[in-house]
There are 6 protein chains.
Amino acid sequence: MDKKLLVVGAHSADFVWRAGGTIALVTSQGGSATVLALSYGERGESGALWKEPGQTVDNVKRIRHEQASEAAAILGATFSCLDLGDYPLVMTDAALGGLVERFRDLQPDIVITHTPKDPFNPDHPVACQVVQKARLLASGAGVASAFQRIKPPDLYFFEPHQPELCDFEPNTFVDITPVMGQKRQAMAVMTAQGYLQSYYAELASRRGNHARRISGMEEVKFAEALQRTLPLVVKSL
Amino acid sequence: MDKKLLVVGAHSADFVWRAGGTIALVTSQGGSATVLALSYGERGESGALWKEPGQTVDNVKRIRHEQASEAAAILGATFSCLDLGDYPLVMTDAALGGLVERFRDLQPDIVITHTPKDPFNPDHPVACQVVQKARLLASGAGVASAFQRIKPPDLYFFEPHQPELCDFEPNTFVDITPVMGQKRQAMAVMTAQGYLQSYYAELASRRGNHARRISGMEEVKFAEALQRTLPLVVKSL
Amino acid sequence: MDKKLLVVGAHSADFVWRAGGTIALVTSQGGSATVLALSYGERGESGALWKEPGQTVDNVKRIRHEQASEAAAILGATFSCLDLGDYPLVMTDAALGGLVERFRDLQPDIVITHTPKDPFNPDHPVACQVVQKARLLASGAGVASAFQRIKPPDLYFFEPHQPELCDFEPNTFVDITPVMGQKRQAMAVMTAQGYLQSYYAELASRRGNHARRISGMEEVKFAEALQRTLPLVVKSL
Amino acid sequence: MDKKLLVVGAHSADFVWRAGGTIALVTSQGGSATVLALSYGERGESGALWKEPGQTVDNVKRIRHEQASEAAAILGATFSCLDLGDYPLVMTDAALGGLVERFRDLQPDIVITHTPKDPFNPDHPVACQVVQKARLLASGAGVASAFQRIKPPDLYFFEPHQPELCDFEPNTFVDITPVMGQKRQAMAVMTAQGYLQSYYAELASRRGNHARRISGMEEVKFAEALQRTLPLVVKSL
Amino acid sequence: MDKKLLVVGAHSADFVWRAGGTIALVTSQGGSATVLALSYGERGESGALWKEPGQTVDNVKRIRHEQASEAAAILGATFSCLDLGDYPLVMTDAALGGLVERFRDLQPDIVITHTPKDPFNPDHPVACQVVQKARLLASGAGVASAFQRIKPPDLYFFEPHQPELCDFEPNTFVDITPVMGQKRQAMAVMTAQGYLQSYYAELASRRGNHARRISGMEEVKFAEALQRTLPLVVKSL
Amino acid sequence: MDKKLLVVGAHSADFVWRAGGTIALVTSQGGSATVLALSYGERGESGALWKEPGQTVDNVKRIRHEQASEAAAILGATFSCLDLGDYPLVMTDAALGGLVERFRDLQPDIVITHTPKDPFNPDHPVACQVVQKARLLASGAGVASAFQRIKPPDLYFFEPHQPELCDFEPNTFVDITPVMGQKRQAMAVMTAQGYLQSYYAELASRRGNHARRISGMEEVKFAEALQRTLPLVVKSL
């Protein structure tokens, strides 16, 4: 298995909670995984760091970069950040163009990002929209074109914090039982967010329960829920 | 591969047009396939036969049974019919009980049937509803129970004649390119319905085009569209 | 214009409030209109009559029949009632069969009935369901069949009392300005329901306002909103 | 506060997991709560009991009755069961009539039951449908009628096991923090279902987290999610 | 009661028709209300004023400001306008930033604005989008952050002119019976729009009828319909 | 019949495949038709041309202009292009203003454009959005305004390549049987896209089949499916 996975988050820690198990699964099976953050989440999601006296934006970004890189490494992935700013994340035409370049360079088989709707976060829908656009611009309309095209990657949304309010429709459960230890380790890197560590460990257990009930596969203990955006083309049922 | 497929149609010919390729694919890959018709469609869908002078209900059913059996055999499947009557198809509690028994006996891995909505056919939604109920009664609620339970089979809807008006959401395209010849042969058995033969051959080509665009798999020439009703649980992406 | 309109209501007065203008328009343009009530609404919608001391079910039905007949006559239509009982309205197989016969005899071009959902009335959805089924059984699946088939009539839902809660999607506004006088007269026959007379006169004005805004036709003063259930096939735009 | 709450479940234990906190909250605030089970769930949801050698249906029902009564008592509610059978639960006209009588006798202010859709359980949608019908038959159409009418109670759906697959839309979060201890105690009565005890305790914590995020009320630790089915009429915002 | 209400309209008169009663109710109960218009609607909604010979943009704005201020005062609210222009209303990053500041300064408990969709108005969806974004930027993601955050206010949409075409789902009816006189007075200030005065007075009566039917509260004569966008967190049912 | 039709496509060839029959029908019945392309599709949809050695952007545009003009002429329409660039198509405020001017100049009765969603094309939704905005800005809010207003034209979406994935809801079928020859001729001008010629000829036949089944009009052989966006206001049923 040599699939290339690209996970794009609005902020630098999103991938750990929402797709950490899927990333570890892909890399443990011989695939490669790239994490791309559009921002460090330095304004909206780094509250604990800002409680330090004398804290600076540059230092927050540096710490966030280190943590995300360490967590990505635990999952077998590489991490980079476009550092476009958060709250609000604003995507310029140049930023979009840069993202298209990344798609062309990487030629991912699978892309995972945020849901298009999130009534609790102004940056998540922006990330989703720009990823969808970049994917289309990189792969073209399915016909010959004036520019080099990549094969259209599969596109998934990962699970948001409040799934129902984001119209999240989980139609794919990834069995992450074999790599749950790695996900726990990666989450533990985010030392300032102890609550989220237990919240998302428990979510993996709950989604594992759902996956067992749906499939009858008793060995599934932990799962991540994804929303596939396009039909699946299969060679056998 | 040793999966067991069960296709349930309201009338005896439904399976040929809507799932003939999928059936042939499963059996060609080592699986087994059972076709179960709830009725012969002797009233509503056998118009050509009724043009014969002196035609009788019994003779119509006999001919429909022979044709369906022959088409099923071409696809590698067996055919049987509950002969519950059509226009309207009425499901009694006894008929439901009989269907549950079939599920328990066969223990299918995959079940395919009609969509829950069809503004052009009074029997298709009845078939869908009873299949869904029988599936649940045979497999239980996912917990231990007073009766023997089967593993819950995957449930798909096949494509209706006017997909948009039936709220059909094709989320799974089955590549039937390797067995398209068998589907053509099976359709040819339905001698009285020449128009449908070309209609559904063309549909397979159109859905093949869609599948190619979605997946980038250039080798897909023909496909059948299905609607999966429950999330997919996967071991790798 | 010689179209045949059939309006089916769960209770004997439904047609006046919800389709009175459309009925009058059809008949004023040379078409014919038949009103069929499934019940007299003698239990659930005849409260004023039951305040009379010594009131009986038969007398309530007799008065309801007279009023509905008079209102229908004002609109140029005929009225009949299947008298199947209300609260709850229960449709037996025999009653369904009788309704199918009516469809075959009348061969309507257009049928109007209740919405499939109504959280304020237990009988309206039953009426909708049985009308949809009878329409399909009378017209067949669009292919030759063992029984005589009628041309499939257009099917519309009329506006319920609380449109949003019934998922009513008004996609057709009928300009009833030329016949608004007749609708008022027909409503006035329902002497015990003075409030509804002003409620529905006002609704006609409001829907007229909507129709003007949508179409730019300044002459539309009064309208009835309908929900067409199947696509419109047109010879010109 | 003197509101009357009625909780109707398809099986005798449903109320504990899905509405135990809400029941305890109502009774702790001076209201009264009645739990009505349509069946004992003796076939589909009593697996652990059936592992006992020599087990009988009557004994299973007896044990289920005792457990449900004890759990209800802990929550301050009374329990009764219509004993209509499960897997499948079948609602006859007589059973519907009996339920209508219960509504008339009790005159509840609030009713809570299952969602209309549940792809994992054949009985839950039946329960929902019959509760909705009984509510309408007991309260009439909002106009004077031939029979005694009750004030239409508020209607809620409680949270199913897999919310997204049941189209559950949580629009009301009940803060059950003050009575979480009682819910835990009531769940503990269901000795054979240890897994569900932790599953639903955790769900209460998760829904509490959601409620905190939505409202900013930091004191909410545990919540139950409900789906209100009709608009809320308020005297102040 | 000391709640702070903020009503944001695309044009200076929107609040009167759509939320006048709710504003008056809040202020009559001891709360405060602020009306913020993004533009004066000087191009698209001031037609009557432009019929005056020699009319100027500045004069139109002046008159619109006076009328809106007077209407707001009748309702117990204050009025101000960002004067961003209409047809089209364009929200720059600076304008968004200014709106965020207003949210931070005011710290409203409740915000009411337009629906996200309106096929009859190009400015209403822009207003909705910018209000949603400003609310999120002012309140953060529910976690500690680098900037001062306000408690996330409740967010409602008020009723558009053609509710069904705007996908308006009224889930909250505010009983405005006690303040209907104030709403009539405030509407009367809009002297050039006599038709709308009767249109919206009648709408209040119609929504009052709906609210009575839903709740059984016979005293509700007039209501305004709102769409709550997030779940309600309650301490009792 | 003297209706004015305006068809707006993101790229210069869209109109031929998706609305060629409707255009020919309008012009054959005495109406006029204008085709406006927002770009030449020179980057994303001109792959065959780019295979020529030494190809230039200007030459591609010239060829695309000639082909589109020729195809339009066959259909009885005129063609022009705003030449705004594709992949991505970006609409500036100036471009929007220009489009509004076109609407004011032409005063179309009917406008047809792309669906708002298309997961296979980044430019189609942009075109849809700008057409909707221009239509509203040109026609105003239905009230008197400071600028000259046109009567609001009917707005339709034409059929995208993969209808279900674009949430396309075909609610209007145009019988193009009398002009199918012209559509074939116009498609034949697009010499480099032989596959699409047969794909869309077949689609016309399939939609004709659907239209026959829906309406019972046996003479319909070919049809184009459209999605009407606003209710239809009718003078008779």
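Above this text is the structure in question.
Each copy of the chain is related to the other by a rotation around an axis and a translation along that axis. Mapping chain F onto chain E calls for a rotation angle of 120° and an axial translation of 0.0 Å; the resulting RMSD is 0.0 Å. On the angle and the small slide along the axis, the relation comes out as a three-fold axis. For chain F, the minimum C-alpha distance to the rotation axis belongs to Thr92 of chain F and amounts to 7.9 Å.

Our focus in this paragraph is the packing of aromatic side chains. All names here are of chain A. Under the counting rule described, the total for this entry stands at 24 aromatic pairs over all chains. Seen from their ring centres, Tyr195 and Tyr199 are 5.8 Å apart, and the 45° between their planes marks the pair as tilted. On the criterion of helical spacing, the pair formed by Tyr195 and Tyr199 is a turn pair, its members being four residues apart in helix α7 (residues 194-215). Judged by its relative accessible area of 37%, Tyr195 is partly exposed. Overall, the relative accessible area of 4% leaves Tyr199 in the buried class.

Let us now look at the interface of chain B and chain A. At the junction of the two partners, chain B supplies 36 residues and chain A supplies 36 residues. Of the roughly 3000 Å² buried between chain B and chain A on both sides combined, carbon and sulfur atoms contribute 63%. Considering only the side of chain B, the residues that lose the most area to chain A are Val233, Lys235 and Leu237 of chain B, jointly responsible for 28% of the buried surface there. Inspection of the chain B/chain A interface yields four salt bridges. A salt bridge links Asp175 of chain B to Lys235 of chain A; its shortest N-O distance comes to 2.8 Å.

The subject of this paragraph is the sheet that holds strand β4 (residues 110-113) of chain D. Hydrogen bonds along the backbone pair up the strands of a sheet, which may run parallel or antiparallel. Across the sheet, eight strands lie side by side as β3(D)-β2(D)-β1(D)-β4(D)-β5(D)-β7(D)-β6(D)-β8(E); this open sheet has mixed pairing. If you trace the sheet from one side to the other, it starts and ends with β3 (77-81) of chain D together with β8 (232-234) of chain E, each paired once. Averaged over all adjacent pairs, the angle separating strand axes in this sheet is 25°, with direction ignored. Here β4 of chain D runs beside strand β5 (residues 154-158) of chain D; their pairing, made up of four bridges, is parallel. Among the inter-strand pairings, Ile112 of chain D is bridged to a residue of β5 of chain D, identified as Tyr156 of chain D.

As summarised here, the arrangement of the eight strands in space is β3(C)-β2(C)-β1(C)-β4(C)-β5(C)-β7(C)-β6(C)-β8(F), forming an open sheet in which the pairing is mixed. The strands lining the two open edges of the sheet, one partner per strand, are β3 (77-81) of chain C together with β8 (232-234) of chain F. Pairs of neighbouring strands in the sheet enclose a mean axial angle of 25°, with direction left out of account. Inspection of the sheet shows strand β1 (residues 4-9) of chain C paired to strand β2 (residues 32-37) of chain C by six bridges, in the parallel sense. If you follow Val7 of chain C over to β2 of chain C, its bridge partner there is Val35 of chain C. Helix-sheet contacts for helix α5 (residues 124-139) of chain C involve β1, β4 (110-113) and β5 (154-158) of chain C, and the interaxial angle to β5 of chain C is about 175°.

Turning next to the relation of the copies chain B and chain A. It takes a turn of 180° to lay chain B on chain A, together with a shift of 0.0 Å along the axis; the resulting RMSD is 0.0 Å. Interpreted geometrically, this transformation is the action of a two-fold axis. Looking at the interface residues of chain B, 100% of them are also at the interface in chain A, so both copies use one shared face.

Another aspect to go through is the pattern of salt bridges. According to the stated counting rule, one finds 78 salt bridges over all chains in the structure shown. Across the pair Arg207 of chain B and Glu164 of chain F runs a salt bridge, and its minimum N-O distance is 2.6 Å. Of this pair, Arg207 of chain B sits in helix α7 (residues 194-215) while Glu164 of chain F is found in the loop between β5 (154-158) and β6 (172-175), placing the two residues in two different chains. By relative accessible area, Arg207 of chain B is classed as buried at 3%.

So, about the interface of chain F and chain E. Contacts between the two partners involve 13 residues from chain F, matched on the other side by 17 residues from chain E. Across the chain F to chain E interface the summed buried area is about 1200 Å²; carbon plus sulfur atoms make up 73%. Across the chain F-chain E interface, the total number found is zero salt bridges. Summed over the shared surface of chain F and chain E, the result is zero residue pairs in polar contact (both at pLDDT 80 or more). For the side of chain F that touches chain E, a count of residues per class yields nine nonpolar, two polar and two charged.

On to helix α3 (residues 57-74) of chain B, then. Residue and element names in this part refer to chain B. When the terminal C-alpha atoms of α3 are compared, their 26 Å separation across 18 residues agrees well with the 26 Å that a helix rising 1.5 Å per residue should span. Taken together, the buried positions of α3 are Val60, Lys61, Ile63, Arg64, Gln67, Ala68, Ala71 and Ala72. Buried residues along α3 cover an arc of 165° about the axis, so they all sit on one side. The exposed residues of α3 that point more than 90 degrees off its buried face are Asp58 and Ala73. In this structure, the buried residues of α3 make contact with α1 (14-28), α2 (47-50), β3 (77-81) and α6 (180-189). Just downstream of α3 lies Gly76, where phi reads positive at about 85°.

Residues and elements named next belong to chain E. As for its placement among the helices and strands, Arg228 is situated in strand β7 (residues 223-228). Within the local environment of Arg228, its side chain forms a polar contact with the side chain of Tyr156, the two groups lying 2.7 Å apart. Residues contacting Arg228, with those up to four places away along its chain left out, are Asp154, Leu155, Tyr156, Asn171 and Thr172.

All names here are of chain F. Across the interface, helix α6 (residues 180-189) lies against helix α7 (residues 194-215) with an axial gap of 10 Å and an inter-helix angle of 160°. Taken together, α6 and α7 sit at an angle that is classed as roughly antiparallel. Two packed elements cross with a definite hand, and for α6 against α7 that hand is right-handed. Across from Met180, Arg184, Met187 and Ala188 in α6, the residues of α7 making contact are Gln197, Tyr200, Ala201 and Ala204. Class assignment of the residues belonging to the contact of α6 with α7 gives a composition of six nonpolar, one polar and one charged.

The subject of this paragraph is unusual backbone geometry. It is generally the case that most residues other than glycine have a negative phi and that most peptide bonds are trans. In this chain, Tyr87 of chain C is followed by Pro88 of chain C through a cis amide linkage whose omega measures 5°. In this structure, Pro88 of chain C sits in the loop between β3 and α4 (93-106). A positive phi is found at Asp167 of chain A, a non-glycine position, where the angle reads about 55°. On the basis of relative accessibility, which here comes to 46%, the residue Asp167 of chain A falls in the partly exposed class.

Analysis parameters
- Residues numbered from 1 in each chain as written.
- Chains lettered and ligands numbered in written order.
- Predicted model: local features only at pLDDT ≥ 70, side-chain atom pairs only at ≥ 80, totals over all residues.
- Heavy atoms only, no water.
- Least-squares fit on C-alpha atoms with pLDDT ≥ 70 in both.
- Phe/Tyr/Trp six-rings, centres within 6.5 Å; stacked < 30°, edge-to-face > 60°.
- Helix = DSSP H or I, 4+ residues; strand = E, 2+ residues; numbered from the N terminus.
- Buried < 20%, exposed > 50% of the residue type's maximum accessible area, 1.4 Å probe, protein only.
- Contact = heavy atoms within 4.5 Å.
- Buried area = accessible area lost by both parts, 1.4 Å probe.
- Salt bridge = Lys/Arg side-chain N within 4 Å of Asp/Glu carboxyl O.
- Pairing = 2+ DSSP bridges.
- Axes fitted to C-alpha atoms, helices over the stretch in contact; angles between N-to-C directions.
- Polar contact = N/O pair within 3.5 Å; in protein donor to acceptor, adjacent residues only side chain to side chain.
- Nonpolar A, V, L, I, M, F, W, Y, C, P; charged D, E, K, R; others polar.
- Expected span 1.5 Å × (residues − 1).
- Arc of directions from axis to C-beta.
- Parallel < 35°, antiparallel > 145°, perpendicular 65-115°, else oblique.
- Left-handed = near helix turned anticlockwise from the far one by under 90°.

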